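An overview of the molecular structure
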Amino acid sequence: MSRVLVPCHVKGSVALQVGDVRTSQGRPGVLVIDVTFPSVAPFELQEITFKNYYTAFLSIRVRQYTSAHTPAKWVTCLRDYCLMPDPHSEEGAQEYVSLFKHQMLCDMARISELRLILRQPSPLWLSFTVEELQIYQQGPKSPSVTFPKWLSHPVPCEQPALLREQGLPDPSRVSSEVQQMWALTEMIRASHTSARIGRFDVDGCYDLNLLSYT
Amino acid sequence: MLQEESDLSLIIAQIVQKLKGSNLYSQLERQAWASLQRPEIKLESLKEDIKEFFKISGWEKKLQNAVYSELSVFPLPSHPAAPPEHLKEPLVYMRKAQGSWEKRILKSLNSMCTELSIPLARKRPVGEQKELLNKWNEMGTDEPDLSLFRPVYAPKDFLEVLINLRNPNYENGDSLSFRTHLGLIQVPLKVKDIPELKECFVELGLNIGQLGIDDSTQVPPELFENEHVRIGQKVLAEQDSAAAQQYIRQGSPTALRAELWALILNISSQPEDVLYYEQLKTNVIQHDLLVDSLIYKDVKLTASNDDYYFVFEDYLYQVLLCFSRDTSVLSHFAFNSASPPKSYIRGKLGLEEYAVFYPPNGVIPFHGFSMYVAPLCFLYHEPSKLYQIFREMYVRFFFRLHSISSHPSGIVSLCLLFETLLQTYLPQLFYHLREIGAQPLRISFKWMVRAFSGYLATDQLLLLWDRILGYNSLEILAVLAAAVFAFRAVNLMEVTSLAAAEKKNHLRELKSMYLDDIVKIHGLFWLF
């Protein structure tokens, strides 16, 4: 299924915290990231991909137009999706994640805005966020490949009764066998082995400089 | 559901791509062509008939074993947006730490090169080549002057690097709080706790028979041993890798071990493999590498001084020197956090077409490296088979013991698992050792890095390595290390310094310990 990247504007994350951010000792455990699509009409969301950075749970809310004339409403489409099975340990902390339309709680048609709500309950991490956020909508359907008619539907031509009486094989059977052989030869021709080379020198020479630090 | 299906097709595509370049593929092709002459293969049902033929003749089983082998070794395909470095190691700070560590090793090797004025690689003159070929089977009798060479690093240097590993996003406060790790490892990797270990190592439970314990003289063989041997023979007759891996979790009978390991690692000595080994031997004869001297030095310092392994000295050279020239090992760097050192042909600095890896297999041996090979010499006597087994063991398991990664079988996770087990279940001992400045990891690190080779008696060691193969994981090393401390807890509570803890016979003479003593009385069964 093809997909098309939707240009988006990711606003800076806002921490939700009770009390004065500057004086309180604890770190915020909830962040909100707003994503807008300034130059795009409401679209159907196909996929969201991002790189996690120590976020434990993710909720997503979308602003959706249900019908042409009613104002857009905020709907929760993903609730507390777990990115880190153990928020205190590194598992899943820097993984690449994809979320698809079929994983969402509501249908993803006519989206105009996105709000990501990130939660990290563990006090061990200094910061958390998601990076490299990319939103995709469904791309145009790939054009159907048209096979030549004779390949997919051999036209049953009239069988002259004469042939059968002479004991020759049934033409439709022969044609299907030939078809299979052709397919096999095509497959063998198309495949190529990735052979191991095994040479470590360059034209027989292995006289080296010192090792490089890159 | 869609996601799982597409993941599955991706895995299948990857495995097919990998197998296409293998010997098995050409063999299957040849067999398929040859089978066309058989009367039961009909043209109209060609595909099904050939599949049936493969099933009957045992080729399907070989293919199954190859697929199972690929699944065991290769990590699952990662997210399409993830760069190749992510597959090597997902955590950025660990990648950086591994990079700095490698840079230190390269600097050390380069300075050795310039100080001793010895080139990294040198083509041998014809006379020298002939001489080496003549004494190929007795390289141990050679006594080259290795006094100026020093190992590039030893396990304790590596331990210092691991101790200093820090996650920049982690609260590494100076003041003690609930967040502080009391052990040496300060990174919060996920390690299994006892209930998870119980679930994972279910075949090591008290109610299931084990070789090495339930085949001792006091236990009549009818109870467990005979049946276990019979099943082992059946598994070998079926030539099924997955069944062998499951079977070996309860230990392998000595007579069947060599074949079982070869089956699990999917090693079958074909003429092509023997030829490949001979080609590597030719490469050793033609070029002399600085790394060879490091290998010589390591063998002389470690294996040659060991009561069990000194007889195999010549084999060790034959395997390790060839290992350094084997470019097929480079493919494992796709999922190893380490990277092979790079250099250029003299005079062609910076030109990519003259870039080469050094050594050709990208692995720089450290002090004790030869101990990975030594125990295998008891099982395999034919050099090319011994070589193949060692190479497969290295690219599946041993590389994780000397590179910095977050993998559950990586050395960092093993160290953290060991410390966590000890802290949780022997808190008094842990506290006491910490107070006298003898952090337990300082003692057990060298055991785990070498997978206990040289620290356990060989028959016990091979039983341990049976379990590594059976569970496809190195976590058992950390569990055994914790069990050893538990076994000697009473004595250890009495020591007053790190040196005393190490010197006293309690821990030094691991060799006299039997796994069944440790396991039965205190160790693994204690955990359950």
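Rules used in this analysis
Each chain has its residues counted from 1, following the order in which its sequence is written. For this description, chains carry letters from A and ligands carry numbers from 1, given in the order in which they are written. Per-residue local features are limited, in this predicted model, to residues with pLDDT of at least 70; the limit for side-chain atom pairs, both in listing and counting, is 80 or more; totals at the level of whole chains, interfaces and linings are taken over all residues. Calculated side-chain values reflect all of the structure's heavy atoms, with hydrogen atoms and water omitted. Each helix is a run of DSSP H or I of at least 4 residues and each strand a run of E of at least 2, with the numbering of both proceeding from the N terminus. A helix's residues, less one, multiplied by 1.5 Å, set its expected span. Throughout this description, buried means an accessible area under 20% of the type-specific maximum (1.4 Å probe, protein chains only), exposed means over 50%, and partly exposed covers the range between. A contact between two residues is defined here by any heavy atoms of the two lying within 4.5 Å. Each pair of strands is called paired provided DSSP finds at least two bridges between the two strands. Axis definition: a line fit to C-alpha positions, over the contact stretch in the case of helices; interaxial angles, taken between N-to-C directions, run 0 to 180 degrees. Buried area: the accessible surface (1.4 Å probe) lost by two parts on joining, summed over both. The rule for a salt bridge is simple: a side-chain nitrogen of Lys or Arg has to be within 4 Å of a carboxyl oxygen of Asp or Glu. Identification of polar contacts relies on pairs of N or O atoms within 3.5 Å, with a donor-acceptor requirement for protein atoms, meaning one able to donate a hydrogen and the other able to accept it, and with residues adjacent in sequence counted only if both atoms are side-chain atoms. For every residue, the predictor reports its confidence as pLDDT, a number between 0 and 100. A 1.4 Å probe that fits but cannot get out identifies a cavity on a 1 Å grid over protein atoms alone, an open set with protein on both sides within 12 Å along at least five of seven lines counts as a pocket, and a residue lines either if it has an atom within 4 Å of a point. Grid points are joined across faces, edges and corners, and a volume is the space filled by probe spheres set on the points. Residues are grouped as follows: Ala, Val, Leu, Ile, Met, Phe, Trp, Tyr, Cys and Pro are nonpolar; Asp, Glu, Lys and Arg are charged; every other residue, Gly included, is polar. The patches described consist of residues with a relative accessible area above 30% and no salt bridge, like charges being joined within 9 Å and nonpolar side chains (Val, Leu, Ile, Met, Phe, Trp, Tyr) within 5 Å. Accessible surface is estimated by sampling points in the Shrake-Rupley manner with a 1.4 Å probe; for residues, cover comes only from the protein chains shown. Small angles under 35 degrees read as roughly parallel and large ones over 145 as roughly antiparallel, with 65 to 115 read as roughly perpendicular and the rest as oblique. Take the far helix as the reference: if the near one is turned anticlockwise from it by less than a right angle, the crossing is left-handed, and if turned clockwise, right-handed. Definition used in this section: a nonpolar core is a set of buried Ala, Val, Leu, Ile, Met, Phe, Trp, Tyr and Cys residues joined via side-chain atoms within 4.5 Å.

Residue and element names in this part refer to chain B. The terminal C-alpha atoms of helix α16 (residues 383–396), which comprises 14 residues, lie 20 Å apart, in line with the 20 Å expected from a rise of 1.5 Å per residue. In terms of residue burial, α16 counts as a mostly covered element, since 12 of its 14 residues are buried. Every buried residue of α16 is listed here: Ser384, Leu386, Tyr387, Gln388, Ile389, Phe390, Arg391, Glu392, Met393, Tyr394, Val395 and Arg396. The elements touched by buried residues of α16 are α4 (59–73), α12 (254–264), α13 (271–286), α15 (313–324) and α20 (458–471).

Within the fold, B:Ser343 resides in strand β3 (residues 342–344). Classification of B:Ser343 as buried rests on a relative accessible area of 0%. For B:Ser343, the residues in contact, after removing those within four places along its chain, are A:Leu208, A:Asn209, A:Leu210, A:Leu211, A:Ser212, B:Tyr354, B:Ala355 and B:Val356.

Bringing the sheet that holds strand β1 (residues 3–6) of chain A into the picture now. Residue and element names in this part refer to chain A. Overall, antiparallel pairing links the 4 strands, which are arranged β1-β10-β5-β8 in an open sheet. The two strands at the open ends of the sheet, each matched to only one other strand, are β1 and β8 (96–100). Adjacent strand axes in the sheet meet at a mean angle of 30 degrees when their direction is disregarded. Examined bridge by bridge, strand β5 (residues 45–53) and β8 share 5 bridges and lie antiparallel to one another. Within β8, the residue paired with Thr49 across the bridge is Ser98.

Turning to the interface of chain A and chain B, a few remarks are in order. Accessible area lost upon the coming together of the parts serves often as the stated size of an interface. Residue-level contacts link 48 residues of chain A with 62 residues of chain B. For the pair chain A and chain B, the summed buried area comes to about 5,000 Å², and 59% of that belongs to carbon and sulfur atoms. For the chain A face of the interface with chain B, the top three residues by lost area are A:Phe200, A:Tyr206 and A:Leu211, together amounting to 15%. In this structure, the connection of chain A to chain B is made through 2 salt bridges. If you look at where chain A meets chain B, you find 17 residue pairs in polar contact (both at pLDDT 80 or more). Listing elements by their share of the side of chain A that touches chain B, those giving two or more residues are β5, β8 and α3 (171–190) of chain A. Ranked by residues supplied to the side of chain A that touches chain B, first place goes to α3(A) with 6 residues.

What follows is about the confidence of the model for chain B. Confidence in the prediction of chain B, expressed as mean pLDDT, is 86, and 89% of residues score 70 or more. In the model, residues 520–528 of chain B has pLDDT below 50 throughout and makes 32 contacts with residues more than four positions away in sequence or in other chains.

Here we take up empty space enclosed by the protein. All names here are of chain B. All told, the structure shown has 6 cavities of 30 Å³ or more when counted by the stated rule. In this structure, the second largest cavity encloses a volume near 60 Å³. Lining the second largest cavity are Pro151, Val152, Leu294, Lys297, Asp298, Pro365, Phe366 and His367. Of the residues assigned to the lining of the second largest cavity, the class counts are 5 nonpolar, 1 polar and 2 charged.

Before going further, it helps to examine a nonpolar patch on the surface. Residues and elements named next belong to chain B. Together, Leu8, Ile12 and Val16 line one region of the surface with nonpolar side chains, adding up to about 270 Å² of accessible area. Locating Ile12 in the fold gives a position in helix α1 (residues 2–20). By relative accessible area, which is 48% here, Ile12 ends up partly exposed.

The description of two packed helices rests on the angle between their axes and on the distance between the axes. Residues and elements named next belong to chain B. The geometry of α12 relative to α20 is characterised by a closest axis approach of 11 Å and an angle of 25 degrees between their N-to-C directions. Classed by the angle they form, the pair α12 and α20 counts as roughly parallel. For the element pair α12 and α20, the recorded crossing hand is left-handed. Counting all contacts with α12, which are made through Arg257, Trp261 and Ile264, the residues of α20 involved are Leu462, Leu463, Trp465, Asp466 and Leu469. The residue makeup of the contact of α12 with α20, split by class, is 6 nonpolar, no polar and 2 charged.

Looking now at the nonpolar core. Soluble globular proteins tend to pack their nonpolar side chains together in the buried interior. Residue and element names in this part refer to chain B. Ranked by size, the top nonpolar core spans 189 residues in total, and within it Tyr358, Phe390 and Ile411 carry the most contacts. Discounting residues that sit within four places of it in the chain, Phe390 has contacts with Val319, Leu320, Phe323, Phe369, Tyr372, Val373, Leu376 and Phe398. Formed by 13 residues, the second largest nonpolar core is a distinct cluster that contains Ala32, Ile50, Trp59 and Ala66.

With that settled, consider the confidence of the model for chain A. Atom-level detail of predicted coordinates should not be read off regions where pLDDT is low. Residues and elements named next belong to chain A. Looking at chain A as a whole, its pLDDT mean stands at 79, while 73% of the residues score no less than 70. By mean pLDDT, helix α2 (residues 161–165) is the weakest element of chain A at 49, and strand β6 (residues 57–64) is the strongest at 94. This stretch, residues 191–196, has a pLDDT under 50; its non-local contacts, to residues over four places away or in other chains, come to 8 contacts.

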